[in-house]
Number of protein chains: 2
Amino acid sequence: MKYNPVDKKTVTELARIVGERWVITDQEKLEEYSHDETPKEQYARMPEVVVKPADAKEVSQVVKLANKKLIPITPRGAGSGLSGGAIPQFGGIVMSMERMNRVLEIDRDNLMMVLEPGVVTNDVNDKIRDEGLFFAGYPMSIETCFIGGNVAENAGGGKAIKYGVTGRYIMGLEVVTPTGEIIELGGKRVKDVSGYDLKQLMIGSEGTLGIITKVIIKLLPLPGASVDLLVLFRDVKSAINMVPEIMTDVRIIPTSIEFMDELSFKTSCEYLNEHLSYREAKAMLLIGIDGMSEDQLEIEYETIGELCLSNGAIEVYVADNHTTQERVWSIRRGIPEAFIAYSPHMSIEDIVVPTGVIPKLMPEIERLEKEYDIKIPCYGHAGDGNLHATLVKNPDTTLAEWYKIEEKALRELYSVVGKLGGTISGEHGIGSKRRDYFKDVEDPVVIELMRKIKRAFDPNNIMNPGKILDIE
Amino acid sequence: MKYNPVDKKTVTELARIVGERWVITDQEKLEEYSHDETPKEQYARMPEVVVKPADAKEVSQVVKLANKKLIPITPRGAGSGLSGGAIPQFGGIVMSMERMNRVLEIDRDNLMMVLEPGVVTNDVNDKIRDEGLFFAGYPMSIETCFIGGNVAENAGGGKAIKYGVTGRYIMGLEVVTPTGEIIELGGKRVKDVSGYDLKQLMIGSEGTLGIITKVIIKLLPLPGASVDLLVLFRDVKSAINMVPEIMTDVRIIPTSIEFMDELSFKTSCEYLNEHLSYREAKAMLLIGIDGMSEDQLEIEYETIGELCLSNGAIEVYVADNHTTQERVWSIRRGIPEAFIAYSPHMSIEDIVVPTGVIPKLMPEIERLEKEYDIKIPCYGHAGDGNLHATLVKNPDTTLAEWYKIEEKALRELYSVVGKLGGTISGEHGIGSKRRDYFKDVEDPVVIELMRKIKRAFDPNNIMNPGKILDIE
């Protein structure tokens, strides 16, 4: 696929559509739009121009222009992604959704909210807390990421075990197709089986099938109380075994069951100067529950605590107020930063396996650590089998060597995950970072069906090309 | 699209694949496979042959044969559908999944279950009740329908307000594509954003994109207790207003909020000889809640009951044991049968609107009743805005007249629903019954995208043709 460069005439036409002020061609300013949260040296690509449309009509006109002129166009939210989704792989136009950041409606009767794609996810909850409502999407980047990006990546996060991922709460979308048509998928409807579920197909398609210009989300009643338990275990198996036990034996669905292996929590605690007594613990679970009242939660957390203690837990710390909850969660959230301090080069992964096989995965991870002389802390959303196994460069290795090691180790990690019935990405997406690996683990028949869908939506392959799939 | 007839040679080849015993050509026996639960006179079509494969390999071989010979093939579950989905619109092969009815695995560690498509949905729960688990899919036909059909139609039902529809619980599928390839979509993974979500695309595609040969479902902890409240209201608006109130004011998500208008509950009560004192009630809600313990539920139902009484409810009946629960639910479930007794010709619809606009929908329904001299009882899943507005023939009208009236009234009903932000089917699907109406209410650009997807999967249009879309 040969694309055309963005020439002066195109820049003028773009300025006519969105206004001169909202077209960037200055190299220094373009740099900001060349990367996301993946390592810059490896994955960044420069756009030729950035445009910032004000509404769906402008988005449509820009897309029609790009489609006619065969110029690639890459939609971009907050740039907080971890798979290269917002990076302009073949240059061309980056379309930043930052100006489309209005809350259009809070619909209390239908418990829904209508948003432009550039609304910061955390701001959604700030707007509706007083109404006794909340949005259950909860990616770890909630303070910076945009709702449009959450939809495009079908963001997961830390509350999926009870609340599911972003897609569950997306009732309707307005989308500009790769040929520039504005369509509506779904709406303020809790049920809808009228034709193929194109809304769901759009969710998680990483901006390759269209640009999201409006989002209707579903809201839930805000729980009245929440408690977190930090539970220390002697071994990984006892910790992981608790996941089905909690749900079957005591019939409680926690909001979170976060897992940390020894390497993760020790590195984080040392980095944070956290003097938690973790004694002989080899694994920790951070179990969150929420509910209508504190009284009800007290019964639930006592039940869970006792269950853990009678199944191999060493210690249960209860965090039932904001201060203690922040303290235990900071250990979990501090892990990536702690490892950056140790060695800045790493590959943050988000592999998924059936929860029950996590104990089988851990020895394989240890084997890879030894084989490649790297560290692989494992932490993340155990309740979903979704682990941030993070390949961390040995500080003594050169960068050139690291890139070779990284590729080999990733390939082997993904192969292990595939054999265990898992897949390579549970929440970050394939993007450009995992595109070539994706072909290794997915059935070619399935890949070809995905290619056909891509071609059906985007015959000229101008919409975020180079992501998920190779298209000839 | 011209199809080839099923000739003797083809029957022989089919017998070679599935065994002679599992090929039906006898006209009398074929009749059973010519219809679903839509009225026979209007929608039934005869298959030329019925085959009953034993496994995915046989399914694949039959599909490959049909694809090569250009013979249409229609997959069939229990035949309990309400949109003509299992009816062989162009004759050809009906593939009944009735022999593929094994429970393959109960995976307690991952809280999942692996099923063949022909398992009766209710049997799923019978198998896992003792493990303290349940499957949250709950179509009204649960006692007869097959899990494969539930997936193909993305069945809804009476517990969607809390638990969502079938699709939420489908973790993985094995599917035979229209070209006969066996593929796996998803798996025992709670999160998965690796490539386009073809699993979700398959769910609700009404057997037009492939034949489901294996289903992995997610299980939940079985609630320890449940209570139903039958609440009588003076008017429709007060009843519907309770839906968001319950969730925001008292922060409880009920399992069900079923609505019955006056015509519905009076006809049902009279039919059942139920001497419930409904006094001046114009609307009823049947509110179900479940939870861990009876103590917790007692607080919740008292809270909901008080809220209803202070917001226009006349009376609240509490059903907290099996006998009383059966009694109140029988009023709701008895409605269709009560109307069949009154007039056997009807069109059971499952329109969806934003819940908040139900009070605006009701006067429009009354207008249609007068305009066409028919009855349109409205009942169903108010918590989801999903109503079984049922067009019932006036017993005095001839059948020929009725068909004309039905078409006009349906077209007008769907138009009203569309203008209110709703759509024509929330759980029954488009099938053959609503195919021509679907074009009236859906954007042609969206329809064309659906057609392209259909062609990408099924280039020869042999897989359940004549459903959802017209394909040239």
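What you are looking at is a predicted structure, and each value in this text was computed from that prediction instead of being measured.

Draft legend 1. Just the overall build of chain A, in detail. Secondary structure summary: chain A contains 17 helices and 20 strands in total. Its C-alpha atoms give chain A a radius of gyration of 23 Å, near enough to 23 Å, the size a compact globule of 472 residues would have. For chain A, the spread of C-alpha atoms along the principal axes amounts to about 70 × 60 × 40 Å. Relative to its full complement of 472 residues, chain A shows a buried share of 63%. Once local pairs closer than 6 in sequence are excluded, the contacts in chain A between residues at least 24 apart make up 74%. One way to put it: in chain A the 55 positive side-chain charges average out to a point 6 Å from where the 73 negative ones average out.

Draft legend 2. Region of interest: helix H15 (residues 399-419) of chain A. Residue and element names in this part refer to chain A. With 21 residues, H15 ought to run about 30 Å at 1.5 Å a step, and its terminal C-alpha atoms sit 30 Å apart, in line with that. Inspection of H15 places Trp402, Ile405, Glu406, Ala409, Leu410, Leu413, Tyr414, Val416 and Val417 among the buried residues, and these make up the whole buried set. Down the axis of H15, the buried side of the element spans an arc of 160°, and every buried residue falls inside it. Summarising the geometry of H15, the exposed residues directed more than 90 degrees from the buried face are Ala400, Lys404, Lys408 and Lys419. Along its buried surface, H15 packs onto helix H3 (40-43), strand E16 (346-348), strand E17 (351-352), helix H14 (358-372), strand E20 (390-392) and helix H16 (435-441). Count one or two residues on from H15 and you reach glycine 421, which has phi positive near 85°.

Draft legend 3. Structural detail: the nonpolar core. One finds Ile217 and Phe259 of chain A together with Ile217 and Phe259 of chain B to be the most contacted residues of the largest nonpolar core, which totals 195 residues. For isoleucine 217 of chain A, the residues in contact, after removing those within four places along its chain, are Leu111, Met112, Met113, Leu115, Val124, Phe135, Ile147, Tyr169, Ile170 and Met171 of chain A.

Draft legend 4. How the structure looks around the confidence of the model for chain A. Of the residues in chain A, 100% reach a pLDDT of 70 or more, and the chain-wide mean stands at 95. Across the predicted assembly, pTM comes out at 0.96 and ipTM at 0.95.

Draft legend 5. Inspection of the sheet that holds E17 of chain A at higher detail. All names here are of chain A. In space, the seven strands of this open sheet follow the order E15-E12-E14-E13-E18-E19-E17, with antiparallel pairing throughout. Strand pairing shows two members of the sheet lacking a second neighbour, strand E15 (313-319) and E17, which therefore form its edges. Examined bridge by bridge, strand E13 (residues 256-261) and strand E14 (residues 283-291) share six bridges and lie antiparallel to one another. Bridge pairing links phenylalanine 259 to leucine 285 in E14.

Draft legend 6. Seen up close, the side chain of lysine 191 of chain A. Following the sequence through the fold, lysine 191 of chain A ends up in the loop between strand E9 (182-186) and helix H8 (198-202). A residue is classified by how much of its surface remains accessible, and lysine 191 of chain A, at 2% relative accessible area, is buried. A polar contact of 2.9 Å, which involves the side chain of lysine 191 of chain A, links it to the backbone oxygen of glycine 157 of chain B. Within polar-contact distance, the side chain of lysine 191 of chain A engages the side chain of asparagine 386 of chain B at 3.1 Å.

Draft legend 7. The pairing of strand E4 (residues 93-96) of chain A, seen in detail. Residue and element names in this part refer to chain A. Alternating positions in E4 separate into two faces, Ile93 and Met95 on one and Val94 and Ser96 on the other, with burial throughout. Where strand E2 (residues 49-51) meets E4, three bridges bridge the pair, whose relative direction is parallel. Counted as the bridge partner of valine 51 is methionine 95 from E4. Taken together, the four bridges between strand E3 (residues 73-76) and E4 define a ladder with parallel strand orientation. Bridging across to E4, isoleucine 73 finds its partner in isoleucine 93.

Draft legend 8. Main features of the side chain of asparagine 386 of chain A. Along the polypeptide, asparagine 386 of chain A turns up in strand E19 (residues 386-387). Within the structure, asparagine 386 of chain A has its side chain in polar contact with the backbone oxygen of isoleucine 351 of chain A (distance 3.2 Å). Apart from residues no more than four positions distant in its own chain, asparagine 386 of chain A is found in contact with Asp350, Ile351, Val352, Gly380, His381, Gly426 and Glu427 of chain A together with Lys191 of chain B.

Draft legend 9. Geometry of the packing of aromatic side chains. Here the structure, examined in full by the defined rule, presents 12 aromatic pairs over all chains. Note on tyrosine 414 of chain B and tyrosine 437 of chain B: the rings are 5.3 Å apart at their centroids and 75° apart in plane angle, and the pair reads as edge-to-face. Here tyrosine 414 of chain B, found in helix H15 (residues 399-419), pairs with tyrosine 437 of chain B, found in helix H16 (residues 435-441); they are 23 residues apart in sequence, far enough to count as distant. An identical accessibility class is assigned to tyrosine 414 of chain B and tyrosine 437 of chain B; each is buried. Looking at lysine 159 of chain A, its charged tip hangs above the ring of tyrosine 138 of chain A, at a distance of 4.6 Å from the centre.

Draft legend 10. Quick look at the pattern of salt bridges. Counted by the stated rule, this structure contains 76 salt bridges over all chains. With its nearest N and O atoms 3.9 Å apart, the salt bridge here joins lysine 9 of chain B to glutamate 13 of chain B. Linking lysine 9 of chain B with glutamate 13 of chain B, this pair stays in helix H1 (residues 8-18), spanning four residues, or about one helical turn. One salt bridge connects arginine 234 of chain B with glutamate 280 of chain B, and the closest N-O pair in it is separated by 3.8 Å. Here the residue arginine 234 of chain B occupies a position in the loop between strand E12 (225-233) and helix H9 (236-249), and glutamate 280 of chain B occupies one in the loop between helix H10 (262-272) and strand E14 (283-291), the gap between them amounting to 46 residues. When its relative accessible area of 44% is taken as the criterion, arginine 234 of chain B is described as partly exposed. One connected set of salt bridges, linked through shared partners, spans Arg108 and Glu131 of chain A together with Glu245 and Asp249 of chain B.

Draft legend 11. Structural detail: the domain arrangement of chain A. Residues and elements named next belong to chain A. Here chain A is described as being made up of domain 1 (1-222), domain 2 (225-335) and domain 3 (343-428). Just the C-alpha atoms count here: the centres of domain 1 and domain 2 sit 35 Å apart. Between domain 1 and domain 2, the residue contacts involve seven residues of the former and nine residues of the latter. Where domain 1 abuts domain 2, roughly 720 Å² becomes buried across the two surfaces, and 57% of that area is made up of carbon and sulfur atoms. When the area that domain 1 buries against domain 2 is broken down by residue, the three leading residues are Met140, Ile161 and Lys162, summing to 66%. Viewed at the interface, domain 2 and domain 1 are joined by one salt bridge. One salt bridge in this structure joins aspartate 290 and lysine 162, with 2.7 Å as the shortest N-O distance. Our count for the domain 1 to domain 2 interface comes out at three residue pairs in polar contact (both at pLDDT 80 or more).

Draft legend 12. Up close: the relation of the copies chain B and chain A. The two copies are related by a screw operation: chain B maps onto chain A through 180° of rotation and 0.0 Å of translation along the axis, at an RMSD of 0.0 Å. On this basis, the relationship between the two copies can be described by a two-fold rotation axis. Interface overlap between copies is the fraction of interface residues in one copy that are interface residues in the other; for chain B against chain A it reaches 100%, indicating a shared surface.

Draft legend 13. Structural detail: the packing of H10 of chain B against helix H13 (residues 335-342) of chain B. All names here are of chain B. Taken N-terminus to C-terminus, the directions of H10 and H13 make an angle of 75°; their axes are 8 Å apart at the nearest point. Classified by the interaxial angle, the pair formed by H10 and H13 is roughly perpendicular. Where H10 approaches H13, its residues Leu263, Ser264, Thr267, Ser268 and Tyr271 are matched on the opposing element by Ile335, Glu337, Ala338, Phe339 and Ala341. For the contact of H10 with H13, the residue count by class is six nonpolar, three polar and one charged.

Draft legend 14. Quick look at unusual backbone geometry. The phi torsion at leucine 70 of chain A lies on the positive side, around 55°, for a residue other than glycine. By secondary structure assignment, the location of leucine 70 of chain A is in the loop between helix H4 (56-69) and E3.

Draft legend 15. Summary view of a negative patch on the surface. Taken together, the side chains of Glu294, Asp295, Glu298, Glu302, Glu306 and Asp320 of chain A present a region of like negative charge at the surface. Structurally, glutamate 306 of chain A can be placed in helix H11 (residues 294-309).

Draft legend 16. Looking closely at the interface of chain B and chain A. The partner chain A presents 87 residues to the 86 residues of chain B that form the contact. Roughly 6,700 Å² is buried in total at the junction of chain B and chain A, and carbon and sulfur atoms are behind 64% of that figure. Its largest share of buried area at the contact with chain A, chain B owes to Lys191, Val193 and Tyr196 of chain B, together 15% of the area lost on that side. Taken together, the connections running from chain B to chain A amount to eight salt bridges. Along the contact surface separating chain B from chain A lie 30 residue pairs in polar contact (both at pLDDT 80 or more). Contributions of two or more residues to the side of chain B that touches chain A are made by strand E9 (182-186), helix H8 (198-202), strand E11 (220-221), H9, helix H11 (294-309) and helix H17 (444-457) of chain B. Top element by residues in the side of chain B that touches chain A is H17 of chain B. It accounts for nine residues. Grouping the amino acids of the side of chain B that touches chain A by side-chain chemistry returns 38 nonpolar, 26 polar and 22 charged.

Draft legend 17. The arrangement of the sheet that holds strand E6 (residues 112-115) of chain B in detail. All names here are of chain B. Here we have five strands laid out as an open sheet, ordered E5-E6-E10-E8-E9, and antiparallel in their pairing. Only two strands of the sheet have a single partner each, and these edge strands are strand E5 (103-107) and E9. Neighbour-to-neighbour, the strand axes of the sheet open up by a mean angle of 15°, direction not taken into account. In terms of strand pairing, E5 meets E6 through four bridges, oriented antiparallel.

Rules used in this analysis
Numbering of residues starts from 1 in each chain and follows the order in which that chain's sequence is written. Note on labels: chains are lettered from A, ligands numbered from 1, in written order. Reporting of local features is limited, given that this is a predicted model, to residues whose pLDDT is at least 70; pairs of side-chain atoms are given and counted only at 80 or more, and all residues count toward the totals for whole chains, interfaces and linings. The basis for every side-chain value is the complete set of heavy atoms in the structure, and neither hydrogens nor water enter the calculation. Secondary structure follows DSSP: runs of H or I at least 4 residues long count as helices, runs of E at least 2 residues long count as strands, and numbering of each begins at the N terminus. Radius of gyration: C-alpha atoms only; globule rule: 2.2 Å multiplied by the number of residues to the exponent 0.38. To sort residues, take the accessible area from a 1.4 Å probe on protein chains only and compare it with the maximum for the residue type: under 20% means buried, over 50% means exposed, and anything in between is partly exposed. In this description, contact between two residues means that some pair of their heavy atoms is separated by no more than 4.5 Å. Positive charge is attributed to Lys and Arg, negative charge to Asp and Glu, and no charge count is given to His or to the chain ends. All charge positions are set by atom: Lys at NZ, Arg at CZ, Asp at CG, Glu at CD. Multiply 1.5 Å by the residue count of a helix minus one, and that product is the helix's expected span. Taking the helix axis as origin, the arc is that swept by the directions to the C-beta atoms. Joining through side-chain atoms within 4.5 Å is the link that ties buried Ala, Val, Leu, Ile, Met, Phe, Trp, Tyr and Cys residues into a set, and such a set is a nonpolar core. Confidence of the predictor in every single residue is expressed as pLDDT, which spans 0 to 100. For two strands to pair, DSSP has to find at least two bridges joining them. Polar contact is defined as a pair of N or O atoms within 3.5 Å, subject to the rule that within protein one atom must be able to donate a hydrogen and the other to accept it, and that residues adjacent in sequence are counted only when both atoms are side-chain atoms. Aromatic pairing here means that ring centres of Phe, Tyr or Trp (its six-membered ring) are within 6.5 Å. Orientation follows from the plane angle: under 30 degrees is stacked, over 60 is edge-to-face, and everything else is tilted. Criterion for a charge above a ring: Lys NZ or Arg CZ within 6 Å of the ring centre, and within 35 degrees of the ring normal. Salt bridges are defined by distance alone: a side-chain nitrogen of Lys or Arg within 4 Å of a carboxyl oxygen of Asp or Glu. Domain start and end points were adopted from an automatic or database domain assignment. Reported buried area values correspond to the accessible surface (1.4 Å probe) lost by two parts on association, with both partners' losses combined. The copies were overlaid with a least-squares fit restricted to C-alpha atoms from residues scoring a pLDDT of at least 70 in each copy. Whenever a helix is involved, its axis is fitted only over the stretch in contact; in every case the axis is a line through C-alpha atoms, and angles between N-to-C directions fall within 0 to 180 degrees. Roughly parallel means an angle under 35 degrees; roughly antiparallel means over 145; roughly perpendicular covers 65 to 115; every other angle is labelled oblique. Residue polarity follows a fixed list, in which Ala, Val, Leu, Ile, Met, Phe, Trp, Tyr, Cys and Pro are nonpolar, Asp, Glu, Lys and Arg are charged, and the others, Gly among them, are polar. Patches here are clusters of residues that have more than 30% relative accessible area and form no salt bridge, with a 9 Å joining cutoff for like charges and a 5 Å cutoff for nonpolar side chains (Val, Leu, Ile, Met, Phe, Trp, Tyr). Calculation of accessible area relied on Shrake-Rupley with a 1.4 Å probe; when residues are assessed, cover is drawn exclusively from the protein chains displayed.

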